[in-house]
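# Chain and residue survey
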Amino acid sequence: MERIPILQMGEFLLVTIQVDMHDRLAMTLQDDLTNRIVQISARGVLIDISALEIVDSFIGRILGNIAKMSQVLDAETVVVGMQPAVAITLVELGLSLTGIRTALNVEKGMARLRASLAASARENTDGHSEV
């Protein structure tokens, strides 16, 4: 069965989608990713979709589901490398991708995850608890 590699970078997971996504592959990625988040107690997930030229409503919903599941598992999701045509399509389909943060590229996405992790650590040391 075809799978998308999930790489670990410290407390983060990096997913680079280099193939055309079909529904079964998207569902497998969702399952694999949530399992890996739990296995390593990941704090962040970066999904690089720069190679995707087309994102249909199902794939868009899967990305949204991944972000929601990650959040429940205490990990933030950042999607990077979105092509302008993909962004236009998602807006035209009415998909807001709630809960997904975006960045232009992997470097900026990783910086965003690191900043979020640092902010979370500051909140915890200031005596504020997260829900």
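Right, let's walk through the structure included here. (Residues numbered from 1 in each chain as written. Predicted model: local features only at pLDDT ≥ 70, side-chain atom pairs only at ≥ 80, totals over all residues. Heavy atoms only, no water.)

### Re the pairing of strand β4 (residues 76-80)
- Burial runs high along β4: five of the five residues are buried.
- Side chains Glu76, Val78 and Val80 project from β4 onto one buried face, and the interleaved Thr77 and Val79 project onto a second face that is buried too.
- As paired elements, strand β3 (residues 44-48) and β4 share five bridges and run parallel to each other. Residue pairing across strands places Asp48 opposite Val80, the latter belonging to β4.
- With helix α2 (residues 57-72) bridging β3 and the parallel β4, this β-α-β connection has right-handed handedness.
- Across three bridges, β4 lies against strand β5 (residues 101-103) in parallel orientation. (Buried < 20%, exposed > 50% of the residue type's maximum accessible area, 1.4 Å probe, protein only. Helix = DSSP H or I, 4+ residues; strand = E, 2+ residues; numbered from the N terminus. Pairing = 2+ DSSP bridges. Right-handed = clockwise from strand over helix to strand, strands pointing away.)

### Here's the deal with the pairing of strand β1 (residues 6-9)
- With four bridges connecting them, β1 and strand β2 (residues 12-16) associate as antiparallel partners. Along β2, the bridge assignment pairs Met9 with Phe12.
- Here β1 folds back onto β2, and the loop between the two strands holds two residues, one of which, Gly10, carries a positive phi near 65°.

### A look at the pattern of salt bridges
- Taken as a whole and assessed by the stated rule, the structure comprises three salt bridges.
- Note that Arg43 and Asp74 form a salt bridge whose closest N and O atoms lie 3.7 Å from each other. Residue Arg43 is found in the loop between α1 (23-40) and β3, and its partner Asp74 is found in the loop between α2 and β4; the two are separated by 31 residues along the sequence.
- Owing to a relative accessible area of 24%, Arg43 belongs among the partly exposed residues under this scheme.
- Classification of Asp74 as partly exposed rests on a relative accessible area of 41%.
- Between Arg101 and Glu76 there is a salt bridge, with the nearest N and O atoms lying 3.3 Å from each other. Of this pair, Arg101 sits in strand β5 while Glu76 sits in strand β4, placing them 25 residues apart in sequence. (Salt bridge = Lys/Arg side-chain N within 4 Å of Asp/Glu carboxyl O.)

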